[in-house]
Amino acid sequence: MTVARRTASVVAAAVLAAVCGLLPALPALAHGATTKPESRTVACGLGGDGAGSAACRAALTANGLPFGNFDNLRVPGVNGEDKRYIAAGTLCSGGLPEFKGLDLARTDWPASKLSAGATVNVQYRTTIQHQGVFKVYLTKQGYDPAQPLGWDDLSTNPIFTATDPPVRDGAYRFSGKLPADRSGRHVLYTVWQTTSTPDTYYSCSDLIVSGGKAAAAPDKSSGVTTKVTPLAGRSPEPGAVAAPGDTVEAPAAPDQARESWLRAASDDQDRVALGHQMVLAALIVIVGVSAGAGFMRLRAARAAQRTDKYAGKH
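A.B. asks: Honestly, the overall build of the protein in this entry has me stumped. Any pointers?
C.D. replies: Secondary structure summary: the protein contains 5 helices and 10 strands in total. Considering the protein as a whole, with its 314 residues, one finds that 38% of them fall into the buried category. Sequence separation of at least 24 residues holds for 75% of the intrachain contacts in the protein that already meet a minimum separation of 6. A total accessible area of about 16,100 Å² is found for the protein, and carbon and sulfur atoms account for 58% of it.

Structural data, given as C-alpha cells:
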C-alpha cells in the first residue's frame with residue numbers, strides 16, 4: 001500500500017471514530033402520537049392543521065421554542081405509575097418543559113366533534129413501532145377546560161384499552177365507545193406505555209361532545225395532595241393534586257435520566273449545540289483537506305513512476 005493510500009485510510013478511520021463519538025449527542029428518533037382524534041401535539045406541531053390557531057400560537061409563545069417533532073412526547077421510567085410522576089396541570093406535556101404550552105387551560109383548543117355514546121376510532125401514528133398498551137381516559141362530566149387538567153378531572157379507569165393493536169397505513173388502529181353521559185368540551189387522554197422500551201407517551205385530544213347530559217359544576221373537592229416525585233432532570237410540581245386513593249408519599253424516582261430530543265433552551269445547551277456544529281464543520285474541512293492532499297500525493301507518486309519507467313527505457 002502506498003504512503004498516500006495509508007494516509008487516506010488513517011484519516012478516514014479517525015473521522016469515522018470522531019463522528020461515532022458524537023452520535024449520542026444527536027437527536028433521538030421520534031415514535032408516535034394520536035392523530036385521530038387529533039391531539040394537541042399534532043395540531044400545533046410542525047405542519048399541523050391548527051398551528052395557526054390562537055391556542056397553538058399561545059402555546060408556542062408559552063414554550064419559547066418551536067414544538068419541533070410532534071411525535072416524541074415521551075417520558076422514560078414511569079412504569080405504569082403515571083400519577084406519581086406526571087403532576088396535575090402537566091398531563092398534556094407529560095411534565096416536559098419543551099411541551100409546556102400544551103398545558104394551557106383554554107376553551108379554544110382545536111377540537112374533534114363526536115356524539116355521546118358513539119364509537120371513537122383512534123389512530124395513533126407510529127414512526128417506530130413498539131409493543132405496549134394504550135390506555136384511553138376521558139374527562140368527567142363537568143370538566144372545566146378553563147382550569148388546568150388534573151388527574152381528578154379524568155375517569156378513574158380508562159374508558160377503553162388496547163394491547164399491541166394492529167398497524168395499518170403507518171398507524172396503530174383501535175376503537176372504543178364514549179360514555180353516553182358526556183356533553184360539551186372534553187379531553188381524550190391517551191397514555192401509551194411501551195413494553196419494548198422504558199418510555200411512556202402522553203397526548204391530549206380535545207373533543208366537543210354532543211347529545212349527552214348537561215354539564216354539571218366541576219367537582220374538585222378531593223383536597224388530597226401528594227408529593228409528586230420528579231424523574232431525573234425535572235423539578236417537582238408543588239401542590240400537585242392526587243385522585244382519591246393515591247398514595248400521599250411517592251417512592252424515590254427511578255435512576256434514569258429523562259429523554260427528550262428537543263432540549264430546553266438554556267445558554268449552556270446552546271453552547272454545547274454550537275460546539276457540536278463547530279466540531280462537525282471542522283471534521284468536514286479536515287476530511288476535504290486530507291482527501292485533497294492524499295489525491296495530490298497519489299498523482300505525484302504515479303507521475304514519478306511514469307518518469308522512472310521512461311528514464312529506464314532511455
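A.B. asks: Quick question: what am I supposed to make of the environment of Pro198 here?
C.D. replies: Positionally, Pro198 belongs in the loop between β9 (184–194) and β10 (199–210). Given a relative accessible area of 41%, Pro198 falls into the partly exposed group. For the pair Pro198 and Arg74, spaced 124 residues apart in the sequence, the C-alpha separation amounts to 9.7 Å.

A.B. asks: I'm lost on the sheet that holds strand β1 (residues 32–36) in this one. Help?
C.D. replies: In sheet architecture, strand pairing relies on hydrogen bonds along the backbone and comes in two forms, parallel and antiparallel. What the 4 strands build is an open sheet, ordered β1-β4-β8-β7; its pairing is antiparallel. Two strands lie at the open edges of the sheet, namely β1 and β7 (167–168), each paired on one side alone. Across 7 bridges, the pairing between strand β4 (residues 119–126) and strand β8 (residues 171–177) is antiparallel. In the strand pairing of β8, Thr119 is matched with Lys177.

A.B. asks: Quick question: what am I supposed to make of the state of the cysteines here?
C.D. replies: Disulfide: a covalent bond formed between the sulfur atoms of two cysteine residues. With the rule as written, the count across this model stands at 2 disulfides. Disulfide pairing places Cys44 opposite Cys56 at an S-S distance of 1.9 Å. Around the S-S axis, the bridge from Cys44 to Cys56 shows a dihedral of about -70° and counts as left-handed. Of the two residues, Cys44 is situated in helix α2 (residues 40–44) and Cys56 in helix α3 (residues 54–63); the sequence distance between them amounts to 12 residues. Its relative accessible area of 8% is what places Cys44 among the buried residues. Residue Cys56 is classed as buried on the basis of its relative accessible area of 2%. Cys92 shares a disulfide with Cys204; S-S distance 2.1 Å. Between Cys92 and Cys204 the disulfide shows an S-S torsion of about -90°. By sign, it is left-handed. With Cys92 in the loop between α4 (82–85) and β3 (112–115) and Cys204 in strand β10, this residue pair connects regions lying 112 residues apart in the sequence. Side by side, Cys92 and Cys204 carry an identical accessibility label, which is buried.

A.B. asks: When you look at the nonpolar core in this model, what are you seeing that I'm missing?
C.D. replies: Taken as a class, soluble globular proteins show a tendency for nonpolar side chains to be buried jointly. By size, the foremost hydrophobic cluster in this structure holds 26 residues, and its most contacted members are Leu102, Leu149, Leu154, Tyr189 and Tyr202. Contributions of two or more residues to this core are made by α3, β9 and β10. By size, the runner-up hydrophobic cluster in this structure holds 16 residues, among which are Phe160, Leu178, Tyr201 and Leu207.

A.B. asks: Please explain the packing of aromatic side chains as it appears in this structure.
C.D. replies: Applying the stated criterion across every chain yields a total of 10 aromatic pairs. An angle of 65° between the planes, with centres 6.4 Å apart, marks the rings of Phe160 and Phe174 as edge-to-face. Here Phe160, found in strand β6 (residues 160–163), pairs with Phe174, found in strand β8; they are 14 residues apart in sequence, far enough to count as distant. Given a relative accessible area of 10%, Phe174 falls into the buried group. What links up through ring pairs into an aromatic cluster is the set Tyr124, Phe134, Phe160, Tyr172, Phe174, Trp192 and Tyr201.

A.B. asks: What is the right way to look at the pattern of salt bridges in this model?
C.D. replies: Taken as a whole, this structure holds 6 salt bridges when the rule is applied. For Arg40, the salt bridge goes to Asp206, with nearest N and O atoms at 2.7 Å. Note that Arg40 is positioned in helix α2 and Asp206 in strand β10, a separation of 166 residues in sequence. According to the relative accessible area criterion, Arg40 is buried, its value standing at 6%.

A.B. asks: Mind showing me how you'd approach the environment of Ala111 here?
C.D. replies: Along the chain, Ala111 falls in the loop between α4 and β3. For the pair formed by Ala111 and Arg185, sequence separation is 74 residues and the distance between their alpha carbons is 8.4 Å. If near-sequence neighbours (up to four positions away) are discounted, Ala111 is found in contact with Arg185, Asp206, Leu207 and Ile208.

A.B. asks: Help me understand the side chain of Arg74 in this model?
C.D. replies: Looking at the secondary structure, you find Arg74 in strand β2 (residues 74–76). Polar side-chain contacts of Arg74 include one of 2.9 Å to the side chain of Asp199.

A.B. asks: Looking at this model, I keep getting lost on the confidence of the model for the protein. Mind explaining?
C.D. replies: Close reading of the predicted structure is inappropriate where its pLDDT is low. Per-residue pLDDT for the protein averages 73, and the proportion of residues at 70 or more is 59%. By mean pLDDT, helix α1 (residues 3–22) is the weakest element of the protein at 44, and strand β5 (residues 132–138) is the strongest at 97. Contacts for the low-pLDDT stretch residues 7–30, under 50 throughout, to residues beyond four places or in other chains number 24 contacts. Low pLDDT, under 50, characterises residues 215–277; the predicted model gives this stretch 109 contacts beyond four residues in sequence or across chains.

Cut-offs used in this document
- Residues numbered from 1 in each chain as written.
- Predicted model: local features only at pLDDT ≥ 70, side-chain atom pairs only at ≥ 80, totals over all residues.
- Heavy atoms only, no water.
- Helix = DSSP H or I, 4+ residues; strand = E, 2+ residues; numbered from the N terminus.
- Buried < 20%, exposed > 50% of the residue type's maximum accessible area, 1.4 Å probe, protein only.
- Contact = heavy atoms within 4.5 Å.
- Areas by Shrake-Rupley, 256 points an atom, 1.4 Å probe, with all protein chains shown as cover.
- Pairing = 2+ DSSP bridges.
- Disulfide = S-S within 2.5 Å.
- Core = buried A, V, L, I, M, F, W, Y, C linked by side-chain atoms within 4.5 Å.
- Phe/Tyr/Trp six-rings, centres within 6.5 Å; stacked < 30°, edge-to-face > 60°.
- Salt bridge = Lys/Arg side-chain N within 4 Å of Asp/Glu carboxyl O.
- Polar contact = N/O pair within 3.5 Å; in protein donor to acceptor, adjacent residues only side chain to side chain.
- pLDDT = per-residue confidence, 0-100.

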